[in-house]
Every structure is written in structure tokens, then in C-alpha cells.
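# Coordinate analysis (summary)
Residues per chain, in single letters:
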Amino acid sequence: MHHDHLKPFPKNFLWGASTSAYQVEGAWNEDGKGMSVQDLTEPHDGITDFKVTSDHYHHMEEDVALMAELGLKAYRFSIAWTRILPEGVGKVNQKGIAFYDKLIDLLLENHIEPVVTIYHFDLPLALQKEGGWENRATIDAFVHFCHVLFKNFGKKVKYWLTINEQNMMVLHSSVLGTGEDVSEKSAYQQCHHMFVASSKAMALLHEMHPKCKIGPAPNITAIYPASSKPEDMAAAYEWSCLRNWLYYDAYVYGRYNPVVWAYFEEHDLCPTIEPGDMEAMRGGHPDYLGMNYYATETVQAPPADMEVSEGGDQQTTRGIPGMYESVPNPNLGKTQYGWTVDPVGLRNTLCQAASRYDLPILITENGLGQHDVLEADGSIHDDYRIDFLRKHYEQARLAINDGVDLIGFCPWSYIDLVSTHEGFNKRYGFVYVDRTEDDVKECKRYKKDSFDWYKKVIQTNGEDL
Ligand code: BG6
């Protein structure tokens, strides 16, 4: 839709930036922290582990000072479950509480709204050893963790996010730390338990702190049909149901998407649903939708002899026999790491989600992972990142004009951190961290050109992109 006159970004727009605990904090075994599934990662193929990462744990004051200089209005970060509950349940580690208390206080002192993700890929190892999300006990453990967080931080933190990218954990469990060789059946049983757990968490927050807001943070993207063939449209719609709408439907309406349920029945994937589960799912309501958006996908009806192929990551799947086959989109370029670049796709995705759910939306992730070069004078010229983000902000503004209630935009990531599976070479931040895959050096911070650009964007409330 063309708009003759563009409305500006809303006055209290949350100009933010994101990170997650296991990718940025380091200090993996300090001050009483227990082990998470991510701590099992060993350096491999020239890629670092998650033990030191950006060493944010020891640079926290400096990092918040830089956020203040940038003018951030919101900072999305996650709380490491094992810093609070080293064994996943049981005794609370007061040093963990103190760390996040200090971070939250510093943010608030600097007028930066904390947006807290409760769980971002770092399940406590102790729970994983007992079966992880396949074990129903993990539902109670999660709700207990939430209770501890809401009790300690609920008076200071207004915006909460339940589970980061539940859909990607289900679809790419080996990449995102929920286990090797997880069968599809098990993945959807785990998924069901996460639905019950997150609904209970939403209900709990509303009971304990009625003024706080909570929502999910799946990875959502528009799926395009490769042609105008009705069969390609069917493939695109079904994949979209399985990849996207299954999740938002469950969080918002407390029900299983019927197209997905038919797929489950066809393939013997229906999860076991215990009495009370659906009531629990219907009992939790998000106040807003978090949305991680990186790239769209284009698909066609699969050939009859399509083979099941393993692999792929958050943004690259190959297809599902009988449902869809991924194809390249000749209209779109790709990043250095093979992810499609589609700023207009952000507008498409936002409009689809807004018209399906009619809830405020917070973009919880979007950004460009690329190799950056630190020059001798300490500068980093990441004009490619500025270009990427500028185009996505332009489309976000158009989406607002299309009627989307967009409350904020938190690019991934505030600072360089360890990518989920591609180490430190793939950088996303406005702030550069001086380290390599195998030499952590002192993790000295440098401002990239995108830092100054984003500062100006925030100062002008998005007028000067
Ligand atoms: C999202 C995750 O999938 O994408 C982040 O929530 C992740 O944790 C981000 O870092 C970018 O992906 P990657 O694989 O490049 O780190």
C-alpha cells in the first residue's frame, strides 16, 4: 500500500538492542553459576566456545555506559538460568541475583528500559540430564525459575519475554543446544511442554505483577510461494503454519493450529497432552508479540521423489517431503553467511502477524552478521550494516503506516558476541569486541560506524535514517 504522508515512529518507541546471556556474558563458571547445555560446547573447526564470549560479566558497567552514550531506550538481554539456579531448581544463587540487580539498576538510572528474556537457549545441564524439555518436570522447573525472577525483579522490569525462538529450537535442536539427534516426535513433545510452561509463566506474571507485560519471542518470517501455482501457494502456507503460526497461535489462542495438527496426525507426531495442559495454554495471554526477523524464505511444492536432507540453521531449511521445498529467490541477495536479505519481507511479516493477532509487536532481533575489520586507528567501517539496518527501519516505518502497532525495534546485537554456531567471526554488534576465535585478549570495546549512525537515528526518533 502506498502512503502519501508517512506517520513518524511513535513517541515512546523502544529504540533498543539485544543480546543473550550465554553469547555475551562469559564467566561461565564464576560466582556460583552452574553449567548450562551451552557450556558443553568445545572449540571446534576454528570456532570458539561460550566460556568467555564478550566477557560482559566483567565489563558490565562499561557496556551500560556505552549504551547510555548510544542513547538506547531499551536493552533486551536474557538471564542465565544457571546463574540464578545453578541446578535448574532448588537453591537460589544470590550472587546471580546481585549481578542482574545491578545491571537492571544501571539501565534504569540511564533511562534504558530493561527487556528481559527469561530463557534463551541455555537450559541448565542438570535439567537436560533428567531429559530436558522432554521431561514434564522441566515445566515446573521453568515456572519456578520465573517465580524467582518475578519476585526479585518484577517491580523494576516491565517488559518480559518467555522463551527465545522456541520454533528454532524445535526445528534445529542440534544447532541450538537442545540435543543431538532429537527425533521429530520428541521435538514436538518438547515443544508442547514449552507451550504449557510459557503459558503458565505469562499467567504467573500477570498474577504477581499485573502492570508488567510479557510475550514470546519466536523467529517469524513471511514465506513466499516460488510461483503463482496454487500448489506452491499451498506449500508456502503449510510451511508458514508449521514454522510460524503454530507458535503464535499457541501463545495467543492457547490452541494448536489445525493445519499443523493434521501434519502431526499424518506423521504420528501428536504430542501427549495431559489433563490440564490445554487449560493452562488457554490461561496465559501475551500482552505483546516479540518477533525475531532475519530473512524470508521462498518455497515450492516438493517433487514426489524429494529426499529428506539434514542440516540448515535458523534461516536456511531445505524442505519437508510432502510439504515444501526451499528454493532460492532470484529477487533477493544474501549475506556473507548465506542468509537472504529482505527488508520488504520485514514489512510483509509484520503485517501478516498484526492482522492475525492484533497485538502490539516488538522486534526483538534483526541484524547483519558479517566479518568486521578493526582498523589501526580503532575504527570499524561497517557501512554494510548501516545499509542493512536503515532499509529494515524504513520498512518498519512503512509497516507502522500500514497499521502495525510496532512498539520498538531491538537489533541483534548491541555488542559483538558469539554467534550460535559460527563463532566470533560473524559479528552483529554496534560495539566491536577485540578478540578472535582462539585469543580472547582483553575484549576491549570499540565503537563501530554503525554506533554513531544508530545514535543519530535514536536522537531524531527515526527521522534521520
Ligand atoms: C537468533 C538467536 O536465532 O539469531 C540468536 O536468537 C542468534 O541467539 C541470532 O545469535 C543470529 O544467529 P547466528 O547463528 O548468526 O548467531
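Look above for the structure.
Residues numbered from 1 in each chain as written. Predicted model: local features only at pLDDT ≥ 70, side-chain atom pairs only at ≥ 80, totals over all residues. Heavy atoms only, no water.

## A few points about unusual backbone geometry
Note the cut-off: Helical segments are the DSSP runs of H or I of at least four residues, strand segments are the runs of E of at least two, and each set is numbered from the N terminus. With a 1.4 Å probe rolled over the protein chains alone, any residue whose accessible area is under 20% of its type maximum counts as buried; one over 50% counts as exposed, and the rest are partly exposed.
Trp-412 connects to Ser-413 through a cis peptide bond whose omega is 10°. Mapped onto the secondary structure, Ser-413 falls in the loop between β14 (406-409) and β15 (431-434). Positive phi, normally seen in glycine, also occurs at Asp-31, with a value near 50°. Tracing the sequence through the fold places Asp-31 in the loop between α1 (21-24) and α2 (56-70). Taking the relative accessible area as the measure of exposure, Asp-31 reaches 33% and is therefore partly exposed. With a phi angle near 45°, Lys-441 is a residue other than glycine that sits in the positive phi range. With a relative accessible area of 44%, Lys-441 lands in the partly exposed category.

## Regarding the sheet that holds strand β13 (residues 361-365)
The condition is simple: Should DSSP find at least two bridges between two strands, the strands are regarded as paired. Angles here are taken between N-to-C directions and fall from 0 to 180 degrees, while the axes themselves are lines fitted to C-alpha atoms, restricted in helices to the stretch in contact. Residue contacts are defined here by distance: any two heavy atoms, one from each residue, within 4.5 Å place the two residues in contact.
Ordered in space as β5-β4-β3-β2-β1-β14-β13-β7, the 8 strands form an open sheet in which the pairing is parallel. Two strands bound the open sheet, and with one partner strand each, they are β5 (213-217) and β7 (289-292). Neighbour to neighbour, the strand axes of the sheet diverge by 30° on average, direction disregarded. Direction of pairing for β7 relative to β13: parallel, over a ladder of 4 bridges. Within β13, the residue paired with Leu-289 across the bridge is Ile-361. Contacts from helix α9 (residues 230-253) reach β5 and β7 within the one sheet, and its direction differs from that of β7 by about 165°. Against the sheet, helix α13 (residues 383-402) engages β1 (14-18) and β14, with an angle of about 170° to β14.

## Looking at α13
Rules: Any helix carries an expected span of 1.5 Å times its number of residues minus one.
With 20 residues, α13 ought to run about 28 Å at 1.5 Å a step, and its terminal C-alpha atoms sit 29 Å apart, in line with that. Of all 20 residues making up α13, 14 are buried, and the element is well covered by its neighbours. Of the residues trailing α13, Gly-403 is marked for its positive phi of about 115°.

## Points about the packing of helix α4 (residues 94-109) against helix α6 (residues 137-153)
Note the following rule: Put simply, angles under 35 degrees are roughly parallel, angles over 145 are roughly antiparallel, angles from 65 to 115 are roughly perpendicular, and the rest are oblique. By convention, the crossing between two helices is left-handed when the near helix turns anticlockwise from the far helix through less than a right angle, and right-handed when the turn is clockwise. Side-chain classes are defined by residue name, with Ala, Val, Leu, Ile, Met, Phe, Trp, Tyr, Cys and Pro counting as nonpolar, Asp, Glu, Lys and Arg as charged, and the others, Gly among them, as polar.
At a closest axis distance of 11 Å, the pairing of α4 and α6 adopts a crossing angle of 45°. Regarding the angle of α4 to α6, the classification is oblique. Helix-helix and strand crossings are classified by hand; for α4 and α6 the assignment is right-handed. For the pair formed by α4 and α6, the contact residues are Ile-97, Tyr-100, Asp-101 and Ile-104 on the first element and Val-148, Asn-152 and Phe-153 on the second. Looking at side-chain class alone, the contact of α4 with α6 contains 5 nonpolar, 1 polar and 1 charged residues.

## Some words on the packing of aromatic side chains
Where we set the bar: Pairing of aromatic rings covers Phe, Tyr and Trp, the last through its six-membered ring, and needs centres within 6.5 Å; plane angles under 30 degrees mean stacked, over 60 mean edge-to-face, and all others mean tilted.
Under the definition given, this model contains 38 aromatic pairs. Summarising the aromatic geometry, the rings of Trp-15 and Tyr-393 are spaced 5.4 Å apart at their centres and angled 45° between planes, so their arrangement reads as tilted. Highlighted residues: Trp-15 in strand β1 and Tyr-393 in helix α13, separated in sequence by 378 residues. Accessibility assignment for this pair places Trp-15 and Tyr-393 in one class, buried. Ring geometry for Tyr-248 versus Tyr-357: centroids 5.3 Å apart, planes at 70°, classification edge-to-face. With a gap of 109 residues between them, Tyr-248 in helix α9 and Tyr-357 in helix α12 (residues 343-357) connect regions that are remote in the sequence. Members of the aromatic cluster, connected to one another through ring pairs, are Phe-9, Phe-13, Trp-15, Tyr-393, Phe-409, Phe-430, Trp-453 and Tyr-454.

## Comments concerning the pattern of salt bridges
Heads up, the condition is: Each reported salt bridge corresponds to a side-chain nitrogen of Lys or Arg within 4 Å of a carboxyl oxygen of Asp or Glu.
Per the stated rule, a full pass over the model turns up 25 salt bridges. Measuring nitrogen to oxygen at the nearest pair gives 2.6 Å for the salt bridge that ties Glu-61 to Lys-102. Of the two residues, Glu-61 is situated in helix α2 and Lys-102 in helix α4; the sequence distance between them amounts to 41 residues. Judged by its relative accessible area of 41%, Glu-61 falls in the partly exposed class.

## Things to note about the pairing of strand β8 (residues 297-300)
In the sheet, strand β6 (residues 223-225) pairs with β8 via 3 bridges, with the strands oriented parallel. Looking at the pairing, Ile-223 lines up with Glu-297 of β8. Sheet topology note: the β8/strand β10 (residues 324-326) ladder contains 2 bridges and is antiparallel. Across the sheet, the residue bridging to Val-299 is Ser-326, located in β10.

## Details of the site of the ligand
Heads up, the rule is: By convention in these notes, a residue is near a molecule or strand provided one of its non-hydrogen atoms lies within 4 Å of it. In the analysis that follows, any N or O atom pair within 3.5 Å is treated as a polar contact, provided that within protein one partner can donate a hydrogen and the other can accept it, and provided that, for residues neighboring in sequence, both atoms belong to side chains. For accessible areas, the Shrake-Rupley method is used with a probe of radius 1.4 Å. Any residue's cover is judged against the shown protein chains and nothing else.
By nearness alone, 16 residues border the ligand, and Gln-23, Glu-165, Thr-420, Lys-426 and Tyr-428 come closest of all. Within the side chain of Glu-365, a nitrogen or oxygen atom sits 2.8 Å from an oxygen atom of the ligand. Taking 380 Å² as the accessible area of the ligand by itself, protein coverage stands at 100%. Residue composition of the shell around the ligand, grouped by class: 5 nonpolar, 8 polar and 3 charged.

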